[in-house]
Amino acid sequence: MANNQASLLLQKQLKDLCKRPVDGFSAGLVDEKNVFQWSVSIMGPPDTLYDGGFFNAIMTFPENYPVSPPTVKFTSEMWHPNVYSDGRVCISILHPPGDDPTGYELASERWTPVHTVESIVLSIISMLSGPNDESPANVEAAKEWRDNRAEFRKKVSRCVRRSQEML
């Protein structure tokens, strides 16, 4: 039952995004037979270090979506404090609902079923605009962001260049 409801909701969200595209990203299914795995292309936000980049990611939804959050993993190279070295995105709204066992996040900052593909991707675009180095997924990137901004910029510029070459 949950799988069917999740499937219907995801189909509706995809249809809505096709009817009313949102600036800054595009999304579609990786495989037309699987509504639980989406391909997302995110344009680097203007006036940020990621400006001009085209970053690809896979969004994978659990069968009990929207009760539980999807996972998002960049397939493009990404250097960012809130992206693990394997490309997984670490932002509050993608963390399971409820209280944070570490006490860092408020329950209200974590996943709730009202989030949509659009709100998730807009949160990722916001993350690219302003990294959170207080709770990093990539400690090395966070340290560079704080202590060696020139080296951080250089690595992000390389990611942007490589993303453009993949077009």
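Residues numbered from 1 in each chain as written. Predicted model: local features only at pLDDT ≥ 70, side-chain atom pairs only at ≥ 80, totals over all residues. Heavy atoms only, no water.

The name given to the protein chain in an unreviewed UniProt entry is E2 ubiquitin-conjugating enzyme, and the organism recorded there is Cardamine amara subsp. amara. Recorded in UniProt under Function (unreviewed entry), the annotation for the protein chain is "Accepts the ubiquitin from the E1 complex and catalyzes its covalent attachment to other proteins. Involved in the formation of multiubiquitin chains. Signal the protein for selective degradation." Check the Sequence similarities (unreviewed entry) section of the UniProt entry for the protein chain; it says "Belongs to the ubiquitin-conjugating enzyme family." (UniProt positions renumbered as here; feature names shortened; annotations may be inferred.)

**Regarding the UniProt feature "domain: UBC core" (unreviewed entry) in the protein chain**
In the numbering adopted here, UniProt assigns the feature "domain: UBC core" (unreviewed entry) to residues 5-165. Taken end to end, residues 5-165 is 34% helix and 17% strand, and its first and last C-alpha atoms sit 39 Å apart. (Helix = DSSP H or I, 4+ residues; strand = E, 2+ residues; numbered from the N terminus.)

**A look at unusual backbone geometry**
Note the cis peptide between Tyr-65 and Pro-66, where omega equals 10 degrees. Phi is positive for Asp-47, close to 60 degrees, though the residue is something other than glycine. Structurally, Asp-47 is set in the loop between β2 (34-43) and β3 (54-60).

**Describing the packing of aromatic side chains**
For any pair of aromatic rings, geometry is given as the distance between the ring centres together with the angle between the planes. Taken as a whole, this structure holds five aromatic pairs when the rule is applied. An angle of 70 degrees between the planes, with centres 5.2 Å apart, marks the rings of Trp-145 and Phe-152 as edge-to-face. Taken as a pair, Trp-145 and Phe-152 share a single burial class, namely buried. Among the aromatic residues, ring-to-ring pairing joins Trp-38, Phe-61, Tyr-65 and Trp-111 into one connected group. Over the ring of Tyr-84 we find Arg-88, and its NZ or CZ is 4.2 Å from the ring centre. Geometry around Trp-145 places Arg-149 over its ring, the cationic atom sitting 3.5 Å from the centre. (Phe/Tyr/Trp six-rings, centres within 6.5 Å; stacked < 30°, edge-to-face > 60°. Buried < 20%, exposed > 50% of the residue type's maximum accessible area, 1.4 Å probe, protein only. Lys NZ or Arg CZ within 6 Å of the ring centre and 35° of its normal.)

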